Every structure is written in structure tokens, then in C-alpha cells.
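# Observations on chain architecture
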Amino acid sequence: MKTWVNQTLLTRRLIVPVMAVALALSFTTYEFIKPAYAKGPVASPTATPLDDNSIGALLSLDQAMETLAARVTPAVVNVAVTSHGRTEMADGQVPEMPEDLPPMFAPFFNHRMKPQAQIEHGIGSGVLISPDGYIVTNNHVVDGAVDINVTLQDRRILHAKLIGADPLTDLAVIKVEGTNLPNAPWGNSASLRPGQTVLAFGNPFGFRFTVTRGIISGLNRPNPFSQNRRSPGSFVQTDAAINPGNSGGPLVDARGEVIGINTFLVSNSNSFSGMGFAIPTQIVRPTVEALIRNGKVSHGYMGIGISDVTPENAKFFHVQNNEGAVVSQVENGSPAEKAGLKVGDVITELDGQKVSDASQLQIEVGQKQPGSSIKLEVLRDGKTVSVPVTLEEMGSRDHEGKEAASNGHGKARWGLGLADITPELREQLQASGDVHGAVIEQVQPGSAADNAGLQSGDVIVEVNRHPVQNAADVQKALSAVPAGQDALVLVWSNGGTTFRVLHATAANEDKPGM
């Protein structure tokens, strides 16, 4: 028994190493003879990268953009603003005192609750324009600020002080203490052309020192959000991405020159949709220089409403080249009224320089000093007259008239329903006593009036350059327009007046009335 046991143990000791060797040999043999499907996939690239010579232009463009971004970025800053807000109850109402309230708590309900101070924080962008620390940004970035801090690209955080701000142009200048600070040079926005490459710098959504690339999409764009009709337009439109937080950052050209200050975007989602806008340097630079010099900006004021001469309205003003600014309103007691300017005048020159459109004239006059005298060349009923105007300071007195309109009868040919201005309507529309004409009550969809952009509440004050007093006057004047001919109407709306052209169409030529 014992012998058997010994033989069995010996046999087991020999079997274990033999089996290990056999397994190793069988695994090695399998690796050499295993079928192709049992082998793992191996990446073996056959494509080769494009040759540098074939994409040399693209690589050169990338290198140029990298050089440009590296040059401008150090001059871009992050602007962090602290301001004091106030929170109140809705409508400022006093909370009602609960029944059975213990007398000790009554005082808290017998008096209006005291609004609580609230700290608010905001961020924006800016650009250094001098080695000693002057920074340009938007007025809306620093408006109401009690503390301003600036972060440089090298992560230094510096306290900034407000030098001056101009709400009309939405520009502001702040300053940090320093020497030999990186800065960006000014460019000339007057030489811009659609299609040029531009880069937008800033701090969108808090992501610091971001650069986006695009082109100039358009020039001389108005601000669709401004409630102040005196605010200059001429915005530079770009498809370089501009988002919240980019405000105050620079828009630069291919030379790294600042040709605009990023200000707002147009989007249904309040984020980038391909339409960003910047204030051009032809407005920025003189405004900034005045703020640095005086801490404020004084704008020249004439007291007129103006609009562009267009191909469709030019014939009514006897203008041949579709250039100039049409006077659509002259404010009572204004420098323009004192100088003899009239509604329907076309301003073609300012101090010997041609006026191409209303936006250019608005910018030029706004940059003049109050008290200065300007010389206008005016086309009036086909004749050229010279009109000198002495400017006042904008805001020195209240020139804002409160005006508007509503109600009517008759549609058809022009697609208008009209009504007289009653005292009730005048009050409802906040129209001043010198607004006369007919209130538009209805606009027929697809009509000439609809195509001209007329709306309910607008007031027609002239037809074909002749003043009207009521709805009957307007109806008579429009009915007298020969079939197939357009009509020019002067329309008052929201405190300003503009000329609109009602186009004759085959659909309305044979319909009498409005």
C-alpha cells in the first residue's frame, strides 16, 4: 500500500511539468498556424498628408492669422464690474399685515419695507490703446459701476478708474496704472470694404481672451435696438462671432489695427447667429480723445430728423444721384429752424464736403463742437441754396417732442384706413399740438401701404410734399395721384418723421379711394 502510494506521488510529480511544456508548445504552434480570422486587426495607413507646396497658401494664411492674434491679444483685457443694485417688492407695494399679528411685529408692516442693497457683477471686454493704461470699452459695460477691475493676458489684475463715458455713442474710457503696457493701434474704418478679413477679440461667456475670425459683412448699419433716434448708426457688421461678454473688445483688420469696438449682436437666441456689430473708429476715436481730454463729450445739435435719399424717393426731391440726406422733421426753436431749413430739403454738402447719406451727416454734425457754425448746401425744390447753421449742444434743452396717432375709413387703392386726430387720440398717442394730418387706423396686408412699412398709429402729415390737416385731405391727395404713379408721404411716428414711397401696382391702379 505504501509502495503504491509512493509510485503514485512520483507519477504526479512527472506529469505536471510535462503538461506545462506541452501547453506552451501547443500555444506557440497555434500562433504560427492560426487562421487569418483569428488574428487581431492591425492599422496600416496608406494615405499620406498633403504636401506643403500644395497647400502653401492656406498654411501662409494660418501663419498670418496666428501672428495677428499673437500681436493683438496682449492688448485685450477682461473688464469685471461691481455695481450696487436694489431689490424691491413688486410694484413697490407695502406687504399686508396678517390678522392677529403680535403688536411687536406691527411696525414692520405699517411702513414700506426698505429696499435691500444687492451686489451685482458683470463682465465685458476692453482694449488698451496706450502704453500708460488707457482702455476703451462700452458704456453699457461700466454703467453704474462702483468698482472696476481689469485682467491682463499675463493674469495680472489691476484696479481701473473711469475716465469718462458717452451714453449716446455707448463708449467709455477707463484707465489702469502702468507703463510699457501692450496696446493696439487705431485703424481707419472709413476705408473698410465688405469682404475684408477681420478678427474679433474679447471674453465671451467668461471665456477669457477669445479670438474669432470672419469678414466685413456690411457697413453703415443702424442700431435696431436704440430708442434714441439721435444715436449715430454706421455700425460695422461682421460674421466674426460676437457673443455676450465680447462687448467693448476690439474688431481688428488684417494689420492688427482697431477698426471697431464690438457692441451688440442680432439674434433670436441672444447668442451668435452670424450678425455682430461694432462701432466704427470714425466714431470711436474722436469720442475717446474727447473723453480722455475732457472726461465728457459735447455733441453738436441741429434739431432735424433725416433719412436717406433712395432710388425710389429721389424723383420727388429732384435729386439725380441718389445721394444726400432728406430733412423729414425740423424741431421747433431748434438751430435748424432758426437757420431756415425746411422739411423736404436735401442736404448735399457739409462745409464743402459731399454728404452721401443721413448716417454720415449725423456723425459729422455730432462730432462738431456746440457753438460752431457749419455751412450746408441744400437742394430745395430743384434749386441749390446755402444755409449756415450755428450748432447748439445736444441735451442742453429738451428737444424731444412727444407725438403719435390712430383711427379711420376707406382702403382699396393704397390699402389705408384713415381717421382724424381727435383730442382723445392725440393724448393716447402722446402727439404734440403741432402734429396735423390723418391717423392710420388700418393697413391692408400686401397693399402699397403695407409694402411701404406703414402701420396703425402712424400719422400722415404730408402727401407729395403738401401738408395735410385731416383724413379728408389725405384721401383727396392720394386719390388725385394719377394711375400708375407713385406717391410720397411724410409719416410721423414715435416722435420722428420719415418719408415713405407708396408704389403704384397693377393690383391697385384701378381701385379708387385709399
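What comes next concerns the included structure. Computed from a prediction, not measured in an experiment: that's the story for all the values here.

Among the six residues that make up strand 15 (residues 325-330), six are buried, leaving the element largely enclosed by the rest of the structure. Bridge analysis of strand 14 (residues 304-308) against strand 15 gives five bridges, and the strand direction is antiparallel. Each bridged residue has a counterpart across the sheet, and for I304 the counterpart in strand 15 is V330. With two bridges connecting them, strand 15 and strand 16 (residues 346-350) associate as antiparallel partners. Counted as the bridge partner of A325 is I347 from strand 16.

Before going further, it helps to spend a moment on the environment of N322. Looking at the element boundaries, N322 is found in the loop between strand 14 and strand 15. A relative accessible area of 33% means that N322 is categorised as partly exposed. Each C-alpha atom of the pair N322 and D357 lies 9.0 Å from the other, and the pair is 35 residues apart in sequence. Here N322 is in contact with V309, T310, P311 and A314, once residues within four sequence places are set aside.

Residues V127, V136 and V284 are the most contacted members of the largest nonpolar core, which totals 30 residues. Put simply, the parts of the chain that give this core at least two residues each are helix 2 (56-72), strand 3 (134-138), strand 6 (171-175), strand 7 (197-202), strand 11 (258-265), strand 12 (276-280) and helix 5 (281-294). If one sorts the elements of this core by residue count, helix 5 sits on top with five residues. Apart from the residues within four sequence positions on either side, V136 is in contact with G126, V127, I129, L171, A172, W186, G248, I261, V284 and V288.

Turning to its location among the elements, N313 is positioned in the loop between strand 14 and strand 15. For N313, a relative accessible area of 5% translates into the label buried. Here the side chain of N313 touches D308 through a polar contact of 3.4 Å, landing on its backbone oxygen. Within the local environment of N313, its side chain forms a polar contact with the backbone nitrogen of T310, the two atoms lying 2.9 Å apart. Ignoring sequence-local partners within four residues, the contact set of N313 consists of D308, L488 and V501.

The rules behind the values
- Residues numbered from 1 in each chain as written.
- Predicted model: local features only at pLDDT ≥ 70, side-chain atom pairs only at ≥ 80, totals over all residues.
- Heavy atoms only, no water.
- Buried < 20%, exposed > 50% of the residue type's maximum accessible area, 1.4 Å probe, protein only.
- Helix = DSSP H or I, 4+ residues; strand = E, 2+ residues; numbered from the N terminus.
- Pairing = 2+ DSSP bridges.
- Contact = heavy atoms within 4.5 Å.
- Core = buried A, V, L, I, M, F, W, Y, C linked by side-chain atoms within 4.5 Å.
- Polar contact = N/O pair within 3.5 Å; in protein donor to acceptor, adjacent residues only side chain to side chain.

Honestly, that's just the spatial picture; any functional story needs more than this.
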